[in-house]
Amino acid sequence: MNDRPRFYDNLLKDHFARNRQMAFVSGPRQVGKTTTCRSLGGAYYNWDNTADRKLFLTGPDALAEAMNLARARAVSPLVVLDELHKYTKWKGFLKGLFDSYADKMKIAVTGSSRLDIYRRGSDSLMGRYFLYRMHPWTVAESLNVDLPEGLFRQPQPIEEEDWQALWTHGGFPEPFLKRDIRFTRRWRSLRNDQLSKEDLRELTRIQELGTIEVLMQLLAENSSGQMIYANYANQLGVTIQTVKRWVDLLNHLHYGFSLQPWFASIPKALRKEPKWFLREWSGITNEGAKAETFVACHLLKAVDAWTDMGFGDFQLHYIRTTQKQEVDFAIVRDRKPWMLVEVKSGDTKLAPTLGLFQKELGTEYAFQVVINLPYEPIDCSTYRSPTIVPAKTFLSQLV
């Protein structure tokens with residue numbers, strides 16, 4: 001069970017077969033980035049290892065010598081550089097390494113979720129890497145780890161054991177594969193402690209940590225809800241701008257993610273209030289919030305993967321008007337609304353807003369995804385009008 005391959009194994013193999021650029025692998029803590037990169041073989045160097053750190057500090061030539069790049073090879077060797085972003089001059093190191101040795105080696109760079117924060121700064125590495133955003137296990141990945149040829153996979157029935165494991169234990173590799181509820185609870189608590197005690201400590205002032213931990217708890221209790229910054233500011237006794245800064249930091253650390261409303265071409269649409277979702281859905285006790293968060297995480301993984309694989313520029317939003325007409329999710333493809341998704345736990349009465357907004361926006365697809373419906377052997381991509389579909393079917397066709 002613990003040796004189950006992942007979709008990202010094949011995604012990175014495909015990257016190195018096609019491209020000379022470095023592969024940057026970002027994602028939440030404990031999502032399996034290092035495991036996947038090391039499974040590809042090659043040399044592995046970690047900044048936290050004292051001997052490896054000496055190599056990094058000496059410079060790219062020292063690493064090239066350690067890998068014996070002067071020796072001719074039929075296939076360029078792979079090197080995995082882990083936690084390198086902890087080195088203050090990591091971008092200069094990678095620039096020098098790539099510019100000098102890209103024709104002799106393949107380079108994968110990974111680390112904790114903080115890599116994505118530092119990458120967003122002045123990007124002196126532009127054109128030298130492709131980014132791959134790694135997500136937890138999902139319904140589709142439990143069924144098929146091959147690369148999809150298009151946006152939709154063929155539908156497949158998920159084993160009930162895998163479905164229950166995803167729903168109960170979440171998609172992070174350790175709890176998903178171990179499937180022990182006591183372990184899952186302890187793992188979840190430990191992960192939150194690591195985020196607040198380690199990652200946040202390095203990125204914010206120590207005196208703020210206690211208040212940010214309270215915010216984390218409030219956000220966890222409000223997954224799938226609208227982000228009313230003023231309410232959180234009042235509860236925490238801080239300014240609205242401080243709450244926005246903290247939420248942005250927690251999003252970058254992959255504790256959760258915010259979805260902005262889509263308002264183009266929608267009269268009286270909300271424009272400012274995002275919705276917020278927890279990355280780890282297994283601990284959510286409200287069934288409706290858990291269902292929406294579960295599907296949100298699946299959709300975010302799909303839009304990130306489709307973008308990273310070059311199928312287009314995909315973004316995930318939601319729709320809500322001042323008259324409180326709403327649709328849970330809107331997938332935007334190349335800046336045009338493409339798919340609407342409404343999530344229900346068991347309601348099989350079609351939401352009228354799906355047809356309303358599909359007509360208004362001209363989306364190709366509009367689905368009401370129902371968690372508790374049994375799997376149906378149907379291809380959701382063949383339905384163009386608003387349609388009720390089982391979550392087990394719809395999610396099997398994503399990534």
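Further up the page is the structure itself.
Residues numbered from 1 in each chain as written. Predicted model: local features only at pLDDT ≥ 70, side-chain atom pairs only at ≥ 80, totals over all residues. Heavy atoms only, no water.

Novice: Any chance you could explain the overall build of the chain here in plain terms?
Specialist: Along its length, the chain carries 16 helices and 12 strands. Here the chain, with 399 residues, has 56% of them falling under the buried criterion. By sequence separation, contacts in the chain at least 24 residues apart represent 66% of the contacts at least 6 residues apart. When the accessible surface of the chain is split by element, carbon and sulfur atoms take 48% of a total near 17700 Å². Of note, the chain has its 53 positive side-chain charges centred 4 Å away from the centre of its 46 negative side-chain charges. (Helix = DSSP H or I, 4+ residues; strand = E, 2+ residues; numbered from the N terminus. Buried < 20%, exposed > 50% of the residue type's maximum accessible area, 1.4 Å probe, protein only. Contact = heavy atoms within 4.5 Å. Areas by Shrake-Rupley, 256 points an atom, 1.4 Å probe, with all protein chains shown as cover. Lys, Arg positive; Asp, Glu negative; His and termini not counted. Charge placed at Lys NZ, Arg CZ, Asp CG, Glu CD.)

Novice: Whenever I open this one, helix α10 (residues 181-203) confuses me. Can you help?
Specialist: Side chains three or four residues apart in an α-helix point the same way, a direct result of the helix having 3.6 residues per turn. The terminal C-alpha atoms of α10, which comprises 23 residues, lie 32 Å apart, in line with the 33 Å expected from a rise of 1.5 Å per residue. Along α10, the largest kink reaches about 30 degrees and is centred on Leu 195. Within α10, burial applies to Thr 184, Trp 187, Arg 191, Gln 194, Leu 195, Ser 196, Asp 199 and Leu 200. (Expected span 1.5 Å × (residues − 1). Bend = angle between axes of the 7 residues up to and from the residue.)

Novice: Explanation requested: the side chain of Thr 353 in the structure shown.
Specialist: Topologically, Thr 353 is positioned in helix α15 (residues 352-361). Overall, the relative accessible area of 14% leaves Thr 353 in the buried class. Here Glu 326 takes part through its backbone oxygen, which lies 3.0 Å from a polar atom of the side chain of Thr 353. Once residues lying within four places of it in the same chain are set aside, the contact partners of Thr 353 are Gln 325, Glu 326 and Val 327. (Polar contact = N/O pair within 3.5 Å; in protein donor to acceptor, adjacent residues only side chain to side chain.)

Novice: Help me out: how do you make sense of the sheet that holds strand β4 (residues 106-110) in this one?
Specialist: The five strands are arranged β2-β3-β4-β1-β5 in an open sheet whose pairing can be described as parallel. Among the strands making up the open sheet, the edge pair consists of β2 (43-46) and β5 (129-133). With direction set aside, neighbouring strand axes in the sheet form an average angle of 20 degrees. Looking at chain direction, strand β3 (residues 78-82) and β4 are connected through five bridges and run parallel. Looking at β4, one finds that Val 80 is bridged to Ala 108. The strands that helix α3 (residues 50-58) touches are β2 and β3; relative to β2, the one it contacts most, it runs at about 90 degrees. (Pairing = 2+ DSSP bridges. Axes fitted to C-alpha atoms, helices over the stretch in contact; angles between N-to-C directions.)

Novice: Is there a simple way to think about helix α8 (residues 160-169) in this case?
Specialist: Listed in full, the buried residues belonging to α8 are Asp 162, Trp 163, Ala 165, Leu 166, Trp 167 and His 169. Contacts made by the buried residues of α8 are with α7 (139-143), α9 (173-178), α10, α14 (287-308) and α16 (391-394). Two residues or fewer past α8, Gly 170 is found with a positive phi of approximately 85 degrees.

Novice: Help me understand the side chain of Gln 397 in this model?
Specialist: With respect to the helices, strands and loops of the structure, Gln 397 is situated in the segment after α16. Of the polar contacts made by the side chain of Gln 397, one reaches the backbone nitrogen of Cys 380; its length is 2.8 Å. Contact partners of Gln 397, with chain neighbours within four places excluded, come to Leu 151, Phe 152, Arg 153, Gln 154, Pro 155, Ile 378, Asp 379, Cys 380 and Ser 381.

Novice: Please clarify how the pattern of salt bridges should be interpreted in this entry.
Specialist: A side chain with one charge can pair with a side chain of the opposite charge if their charged atoms come near. Overall, the coordinates contain 24 salt bridges when judged by the stated rule. Lys 86 is the partner of Glu 83 in a salt bridge, and the nearest nitrogen-oxygen pair spans 3.6 Å. By relative accessible area, Glu 83 is classed as buried at 13%. For Lys 86, a relative accessible area of 31% gives the class partly exposed. (Salt bridge = Lys/Arg side-chain N within 4 Å of Asp/Glu carboxyl O.)

Novice: Teacher, can you tell me more about the nonpolar core here?
Specialist: It is characteristic of soluble globular proteins that their nonpolar side chains tend to be buried jointly. Phe 294, Trp 306, Phe 329 and Phe 394 are the most contacted members of the largest nonpolar core, which has 87 residues in total. Per element, the largest residue contribution to this core is 12 residues, and it comes from α14. Judged by nonpolar contacts, the second largest core, of 28 residues, contains Ala 62, Met 67, Leu 94 and Ala 102. (Core = buried A, V, L, I, M, F, W, Y, C linked by side-chain atoms within 4.5 Å.)

Novice: Looking at this structure, how should I read the state of the cysteines?
Specialist: Simply put, the disulfide is a covalent bond whose two ends are the sulfur atoms of two cysteines. In total, this model carries zero disulfides according to the counting rule given. For Cys 297, which is in no disulfide, the shortest distance to another cysteine sulfur is to Cys 380 and amounts to 19 Å. (Disulfide = S-S within 2.5 Å.)

Novice: Which parts of the structure should I look at to understand the sheet that holds strand β12 (residues 387-390)?
Specialist: Pairing between the strands of a sheet comes from backbone hydrogen bonds, and it takes one of two forms, parallel or antiparallel. Read across the open sheet, the five strands follow the order β8-β9-β10-β11-β12; overall the sheet is mixed. Where the open sheet ends on each side, the last strands, each with one partner, are β8 (314-320) and β12. On average, adjacent strands in this sheet sit at an angle of 30 degrees to one another, irrespective of strand direction. Of the strand pairs in this sheet, β8 and strand β9 (residues 326-333) are connected by six bridges, and their pairing is antiparallel. Looking across to β9, one finds that Phe 314 is bridged to Arg 333. Docked against the sheet, α15 engages β8, β9, β10 (336-344) and β11 (365-370), running at close to 175 degrees with respect to β10.

Novice: What is the right way to look at the packing of aromatic side chains in this model?
Specialist: How two aromatic rings sit relative to each other is set out by the distance from centre to centre and by the angle between their planes. Inspection of every chain in the model, using the stated rule, returns 22 aromatic pairs. Taken together, a centroid distance of 5.5 Å and an interplanar angle of 75 degrees make the contact between Trp 163 and Phe 294 edge-to-face. In this pair, Trp 163 sits in helix α8 while Phe 294 sits in helix α14, placing the two residues 131 residues apart along the sequence. By the burial criterion, Trp 163 is buried, and Phe 294 matches it. Measuring from centroid to centroid gives 5.7 Å for Trp 306 and Trp 338, while their planes differ by 85 degrees, and the two rings are edge-to-face. With Trp 306 in helix α14 and Trp 338 in strand β10, this residue pair connects regions lying 32 residues apart in the sequence. The lysine or arginine in question, Lys 275, covers the ring of Phe 329, its NZ or CZ lying 5.8 Å from the ring centre. (Phe/Tyr/Trp six-rings, centres within 6.5 Å; stacked < 30°, edge-to-face > 60°. Lys NZ or Arg CZ within 6 Å of the ring centre and 35° of its normal.)

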